[in-house]
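These are the residues of each chain, in order.
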Amino acid sequence: MPETKNLKSIAEIYKSDKIEHQYIKVYESYFEKIRDEKLKILEIGIADGKSLLTWSDYFKNSVIVGIDIHKINIVEKKLNRNNIEVHQGSQSDQTFIQKIISKYKEFDIIIDDGSHLSKDVKKSFNLLFSTLKDDGLYIVEDIQTSYNHFFGGNPFDLKYSNSHMNFFKHLTDSLNHQEVANPFYIKKKYDGKITNISFYHNMVFVRKGINDLKSKEVINNSYEDMKYLEKSSRTGKKFQYFVKYKIFYKAYTIFLFVFNTIKKILLLRI
Ligand SMILES: C[S@@+](CC[C@H](N)C(=O)[O-])C[C@H]1O[C@@H](n2cnc3c(N)ncnc32)[C@H](O)[C@@H]1O
């Protein structure tokens with residue numbers, strides 16, 4: 001039986017720069033278990049096709065779809081294989097991405113190794129996340145460009161800039177959306193749709209999945225409502241706990257909400 005090569009050995013054959021970026025080890029830890037499955041994999045950014053060729057060998061039973069803003073000569077780059085499909089278009093062109101979505105319907109893995117511009121990375125994620133299957137992975141490489149103003153990142157305001165790193169950092173709150181003790185909380189687009197976000201050096205992995213576990217602390221994002229329900233039904237003292245939780249605690253929560261809203265407006269964070 002021929003020896004099955006690991007991802008690093010295959011990447012070495014094609015001289016993929018995912019080795020020197022130290023991405024291969026991380027990729028292998030996710031992909032080893034699923035390499036024989038029939039997957040649909042999309043990579044944004046083809047260049048010389050080194051990663052498409054690597055995935056093509058590694059995921060023998062899968063379809064590897066590559067998109068690139070530039071025309072790719074598939075014969076010259078030796079990408080004319082049965083399990084590779086290449087399309088020309090921009091990752092931030094909604095019409096083009098819609099065509100990709102109509103053709104492939106859904107993906108198991110999406111890798112963004114395209115322009116690495118903050119606006120493109122965020123736009124592609126917003127356009128493509130819905131096409132990921134449950135348990136699917138959305139991976140963004142080279143997120144160090146978030147710290148570089150020449151890529152639309154911001155090295156001067158790491159916490160509050162519109163960089164894609166901050167976009168993914170904020171996404172971690174969607175993991176715990178049920179726990180936010182703010183009765184005025186407005187549900188965000190990805191709340192309940194993500195089960196894991198893992199950051200590595202210069203890359204991030206987002207796992208799609210249903211995340212709707214009920215909170216033990218709050219009901220409908222309200223701690224005081226939860227406490228009132230819990231205590232009044234356990235003791236029968238409805239009036240006492242109504243005054244405590246629905247009036248005093250609620251007033252305190254509303255005060256903090258107003259205070260923080262004014263603070264955010266003054267700091268232009270709204
Ligand atoms: C880093 S290279 C891709 C390398 C390839 N994934 C690999 O590992 O071998 C980036 C590629 O993204 C493409 N690109 C740049 N802007 C893009 C955009 N807006 N949409 C799609 N592709 C883009 C470039 O043409 C370039 O080929």
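A quick note: this is a predicted structure, and the numbers were derived from the prediction, not measured.

Visitor: Could you give an account of the overall build of the protein chain, with specific residues and numbers?
Guide: For the protein chain, the count of helices and strands is eight helices and seven strands. Compactness check: the protein chain gives a C-alpha radius of gyration of 23 Å against a globular reference of 18 Å for 270 residues, more than 25% above the reference. By its C-alpha atoms, the protein chain is 80 × 45 × 35 Å across when sized along the principal axes. Taking the intrachain contacts of the protein chain between residues at least 6 apart in sequence as the baseline, contacts between residues at least 24 apart amount to 55%.

Visitor: Tell me about the nonpolar core, residues and numbers included.
Guide: Formed by 42 residues in total, the largest nonpolar core has its most connected members in Ile-41, Leu-52, Ile-64, Ile-110, Tyr-138, Ile-139 and Val-204. Residues contacting Leu-52, with those up to four places away along its chain left out, are Glu-43, Ile-46, Ile-64, Gly-66, Leu-79 and Ile-84.

Visitor: Which residues make up helix H6 (residues 164-175), and what are the values?
Guide: If you check H6, its first and last C-alpha atoms are 18 Å apart, about what 12 residues at 1.5 Å a residue would give, namely 16 Å. Three or more residues of H6 are buried, namely His-164, Met-165 and Phe-168. The buried residues of H6 occupy an angular sector of 110° when projected down its axis, which confines them to one face. Lining the buried residues of H6 we find helix H5 (118-128), strand S5 (132-140), strand S6 (194-200) and strand S7 (203-208).

Visitor: Describe unusual backbone geometry, listing the residues and the values that go with them.
Guide: Excluding glycine, residues mostly have negative phi values, and the peptide bonds linking residues are mostly trans. For Lys-105, which is not glycine, the phi dihedral falls at a positive 65°. Inspection of the secondary structure puts Lys-105 in the loop between helix H4 (94-104) and strand S4 (107-112).

Visitor: How would you sum up the site of the ligand? Please name residues and give values.
Guide: Around the ligand there are 20 residues in total, and Gly-45, Ala-47, Ser-51, Gln-91 and Ser-115 lie nearest to it. Looking at the shell around the ligand, the elements that each hand over two or more residues are strand S1 (40-44), helix H3 (50-58) and strand S2 (63-68). Of the residues contributing to the shell around the ligand, the split by class is five nonpolar, nine polar and six charged.

Visitor: Residue-level account of the sheet that holds S4, with values.
Guide: With mixed pairing, the seven strands of this open sheet are ordered in space as S3-S2-S1-S4-S5-S7-S6. Two strands close off the open sheet at either side, each with one partner strand: strand S3 (84-88) and S6. Here the average twist between neighbouring strands, direction ignored, is 15°. Note: S2 against S3, five bridges, orientation parallel. Each bridged residue has a counterpart across the sheet, and for Gly-66 the counterpart in S3 is Val-86.

Visitor: Explain the domain arrangement of the protein chain residue by residue, including any values.
Guide: Domain assignment breaks the protein chain into domain 1 (7-208) and domain 2 (223-266). Centre-to-centre separation of domain 1 and domain 2, based on C-alpha positions: 42 Å.

Visitor: I'd love a proper account of the packing of helix H7 (residues 223-235) against helix H8 (residues 238-266), names of residues and values included.
Guide: The description of two packed helices rests on the angle between their axes and on the distance between the axes. One way to put it is that H7 packs onto H8 with a least axis distance of 9 Å and a crossing angle of 170°. By the angle class used here, H7 and H8 are roughly antiparallel. Taken together, the residues of H8 that come into contact with H7 (itself represented by Glu-224, Lys-227, Tyr-228, Lys-231 and Ser-232) are Lys-238, Tyr-241, Phe-242, Tyr-245, Lys-246, Tyr-249, Lys-250 and Thr-253.

Visitor: Just give me the short version of the environment of Ile-10, but keep the residues and values in it.
Guide: Structurally, Ile-10 can be placed in helix H1 (residues 7-13). You can call Ile-10 partly exposed: it has 18 C-beta atoms within 10 Å. On a C-alpha basis, the gap between Ile-10 and Trp-55 in space is 8.6 Å, while along the polypeptide they are 45 residues apart. Among residues more than four places away in sequence, those in contact with Ile-10 are Lys-5, Thr-54, Asp-57 and Tyr-58.

Visitor: Can you lay out H8 for me, pointing to particular residues and giving the numbers?
Guide: If you check H8, its first and last C-alpha atoms are 40 Å apart, about what 29 residues at 1.5 Å a residue would give, namely 42 Å. If you look at H8, its biggest bend is around 30°, right at Lys-250. Within H8, only two of the 29 residues are buried, which leaves it mostly out in the open. With its phi angle positive at about 55°, Leu-268 sits one or two positions after the end of H8.

Visitor: A description of the pairing of S6 should follow, citing residues and the corresponding values.
Guide: Pairing geometry for S6 and S7, over six bridges, is antiparallel. Bridge pairing in S7 places Asn-196 opposite Arg-207. Following S6, the chain reverses through two residues before pairing antiparallel with S7; Asn-202 in that reversal takes a positive phi of roughly 65°.

The rules behind these values
- Residues numbered from 1 in each chain as written.
- Predicted model: local features only at pLDDT ≥ 70, side-chain atom pairs only at ≥ 80, totals over all residues.
- Helix = DSSP H or I, 4+ residues; strand = E, 2+ residues; numbered from the N terminus.
- Rg over C-alpha atoms; globule rule 2.2 N^0.38 Å.
- Contact = placed C-beta atoms within 7 Å.
- Core = buried A, V, L, I, M, F, W, Y, C linked by C-beta atoms within 7 Å.
- Buried ≥ 20, exposed ≤ 12 C-beta atoms within 10 Å, placed from the backbone.
- Expected span 1.5 Å × (residues − 1).
- Arc of directions from axis to C-beta.
- Near = placed C-beta within 6 Å.
- Nonpolar A, V, L, I, M, F, W, Y, C, P; charged D, E, K, R; others polar.
- Pairing = 2+ DSSP bridges.
- Axes fitted to C-alpha atoms, helices over the stretch in contact; angles between N-to-C directions.
- Domains from an automatic or database assignment.
- Parallel < 35°, antiparallel > 145°, perpendicular 65-115°, else oblique.
- Bend = angle between axes of the 7 residues up to and from the residue.

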